[in-house]
Amino acid sequence: MGSATILSLIWIVGFLSVASVSAEDAYKYYTWTVTYGTAAPLGVPQQVILINGQFPGPNLDCVTNDNIILNLINKLDQPFLLTWNGIKQRKNSWQDGVLGTNCPIPPNSNYTYKFQAKDQIGSYTYFPSTLMHRAAGAFGALNVYARSVIPVPYAPPAADFTLLIGDWYAATHNVLQQTLDSGSPLPSPDAILINGRNASTITGDPGKTYMFRVSNVGLATSFNWRIEGHQMKVVEIEGSHVIQNTYDSVDVHVGQTVTVLVSLDQPPRDYRILASTRFTLNLTATALLHYSNSEGPGVGSQQDLAPRGVEWSVQQARSCRWNLTANAARPNPQGSFHYGQINISRSIFVVNSAPLINGKQRYAVNGMSYVQPDTPLKLADYLNISGVFSLNATGELGTAVVGAALHDFVEIVFENEEETIQTWHLDGYDFWVVGMGAGKWRESSREGYNLVDAVTRHTTQVYPRYWSAVLVSLDNQGMWNLRSAMWGRQYLGQQLYIRVYDPIKSLANEYDMPANALLCARALHPL
């Protein structure tokens, strides 16, 4: 081989090396400090939890495949964790931010989260997973924007607005926790808030179209969201582009997020943005959509919608379909993965209940109320610490862990035998919501499954005396939390973990324990 050829090869290798480095996904660095503070969302000062002095917390905005390096400093007097609601944490359950995978951050200490928004787009949230901190704040929006080379199935909006909507209590998070610990359920909320307040104004220009990212960050209550006199086009649900149906209002259940487009095509006035509770007590939060050339309050549009029951909500949920031709976070269409043609490996049935155990209110999955062990399950599994959990345990109280093999294709059937609506979330994954129906699920229920264009999401509702069925491809190794998104129920035991496992250790399946992992309890001395 001549010297010129060798030099050419060296140049090519060098060029490719530089190109690969320059093409590396971007890194974004944050430092967040968590403190107590005072706010007056109900008009009376009360203690809240702030992030960098903000209530709600700051938006965490990134682009598909960005690497997030976030140093979280805990200045509370209690251990603390944040979880990233809907972010899949590919091969990286170490960063999930729940007590089954992470030791909490002690007071006056810090932990640096390192994760990637890998192959994701859409509207998500973050919130505290420890104790009842979620009732005091420290929640916020996590928005993942598409890369410029990946087209989205709608014209760019003039701007996008985040609406964090949820129920709120006058009592502090400590008082609510004491209520639960005493054996009583959560009381009814005192209000619904939009972005941490009971009144705010959003301004837009006539003739333009705006994106609204609407999330239910509450503890227990579904709401219906609408803008007087305006239609809304749903374009994305928890990371999935959907068929763009138009509605005059949209139900959003606890833990869920819906992204809509709204065109300012009405007479130039001010219109109420309304969020009203569903299936329970009647509370409404109000904000204002202000046309920049407004001539005053809206005329003839002040009437609220007539009350709508469960069946209306069910029909709306069924109308949400996957857009099979739209790109996902990668160029390939969402419908290129034919989930309906895959054989089911196993079925998991999840039945919620609200038993009294030892005279105290608890909540359970399949009759077992989850008890938090002193050592995170993930650490115990990785370090081979015995006595923390066993697979498929039984009993009224216990640490429930379901074993599953990597790449299992699983059917999960949620059965709600109670008179109240439920919502369920699975960390580390999204799933296809293929069916829901009244009464008890039967084998024949599969005949009605949507095996073509069911929407994928990370949180599903289960209506009173209904069932909901989802399909999920367990392609993400780790220890993943399956829980009630209704936080009082989760706190009192309505959760379990799914251990997605492969006996052959490989970094292609799961990353090693990070060097900065916090250790606690038996993980401090695993031998």
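Since the structure is predicted, the reported quantities are computational estimates derived from the model, not experimental observations. (Residues numbered from 1 in each chain as written. Predicted model: local features only at pLDDT ≥ 70, side-chain atom pairs only at ≥ 80, totals over all residues. Heavy atoms only, no water.)

A tally of regular secondary structure across the protein chain gives five helices and 35 strands. Taken over the C-alpha trace, the protein chain has a radius of gyration of 24 Å; the compact-globule value for 527 residues is 24 Å, and the two agree within 12%. Across its three principal axes, the protein chain shows a C-alpha extent of roughly 80 × 70 × 55 Å. In the protein chain, the share of contacts with a sequence separation of at least 24, taken over all contacts with a separation of at least 6, comes to 77%. Element-wise, carbon and sulfur atoms account for 54% of the exposed surface of the protein chain, whose accessible area totals about 21100 Å². Averaged over its 35 positive side-chain charges, the protein chain has a centre that lies 1 Å from the centre of its 40 negative ones. (Helix = DSSP H or I, 4+ residues; strand = E, 2+ residues; numbered from the N terminus. Rg over C-alpha atoms; globule rule 2.2 N^0.38 Å. Contact = heavy atoms within 4.5 Å. Areas by Shrake-Rupley, 256 points an atom, 1.4 Å probe, with all protein chains shown as cover. Lys, Arg positive; Asp, Glu negative; His and termini not counted. Charge placed at Lys NZ, Arg CZ, Asp CG, Glu CD.)

Glancing now at the nonpolar core. Judged by nonpolar contacts, the single largest core of 45 residues is most densely connected at Val-350, Leu-377, Ile-412, Phe-414, Leu-426, Val-472 and Ile-498. With four residues, the top contributor of residues to this core is strand S35 (residues 495-501). Not counting the four nearest positions on each side in its chain, Ile-498 is found in contact with Ile-348, Val-402, Ala-404, Leu-426, Gly-478, Met-479, Trp-480 and Leu-482. Counting 33 residues, the second largest nonpolar core, distinct from the first, contains Phe-161, Val-258, Leu-283 and Val-455. (Core = buried A, V, L, I, M, F, W, Y, C linked by side-chain atoms within 4.5 Å. Buried < 20%, exposed > 50% of the residue type's maximum accessible area, 1.4 Å probe, protein only.)

On to helix H3 (residues 310-319). A turn of α-helix holds 3.6 residues, and therefore any two residues three or four places apart point the same way. Residues of H3 that are buried: Ser-313, Val-314 and Gln-316. All buried residues of H3 project into a common sector of 165° when viewed along the axis, lining one side. On its buried side, H3 packs onto strand S16 (246-247), strand S17 (250-252), strand S30 (431-438) and strand S33 (466-473). (Arc of directions from axis to C-beta.)

Attention now moves to the sheet that holds strand S1 (residues 27-39). With mixed pairing, four strands are arranged side by side in an open sheet as S2-S1-S4-S6. Both edges of this open sheet fall to strand S2 (46-51) and strand S6 (109-116), since each of them pairs with a single strand only. Shown here is a sheet whose adjacent strand axes are inclined to one another by a mean of 20°, direction ignored. One ladder, built from six bridges, connects S1 with S2; its direction is antiparallel. By the bridge assignment for S2, Thr-35 is matched with Leu-50. (Pairing = 2+ DSSP bridges. Axes fitted to C-alpha atoms, helices over the stretch in contact; angles between N-to-C directions.)

A few words now on the pattern of salt bridges. Proximity of charged atoms lets side chains of opposite charge pair with each other. In the structure shown here, the tally under the stated rule is 21 salt bridges. Of the charged contacts in the structure, one is a salt bridge between Arg-213 and Asp-160, with a shortest N-O distance of 3.5 Å. Of this pair, Arg-213 sits in strand S12 (residues 209-216) while Asp-160 is found in strand S9 (residues 160-168), placing the two residues 53 residues apart along the sequence. Using a relative accessible area of 6% as the deciding quantity, one classes Arg-213 as buried. The partner of Arg-483 in a salt bridge is Asp-427, with the nearest N and O atoms 3.0 Å apart. Of this pair, Arg-483 sits in strand S34 (residues 478-484) while Asp-427 sits in the loop between strand S29 (422-426) and S30, and the two are 56 residues apart along the sequence. Of the two residues examined, Arg-483 and Asp-427, each falls in the buried class. (Salt bridge = Lys/Arg side-chain N within 4 Å of Asp/Glu carboxyl O.)

Going through the model one piece at a time under the given rule, you end up with one disulfide. At a sulfur-sulfur separation of 2.1 Å, the disulfide partner of Cys-103 is Cys-520. The sign of the S-S torsion, about -85°, decides the handedness of the disulfide formed by Cys-103 and Cys-520: left-handed. Separated by 417 residues along the polypeptide, Cys-103 in the loop between strand S5 (82-85) and S6 and Cys-520 in the segment after S35 bring together distant segments of the chain. (Disulfide = S-S within 2.5 Å.)

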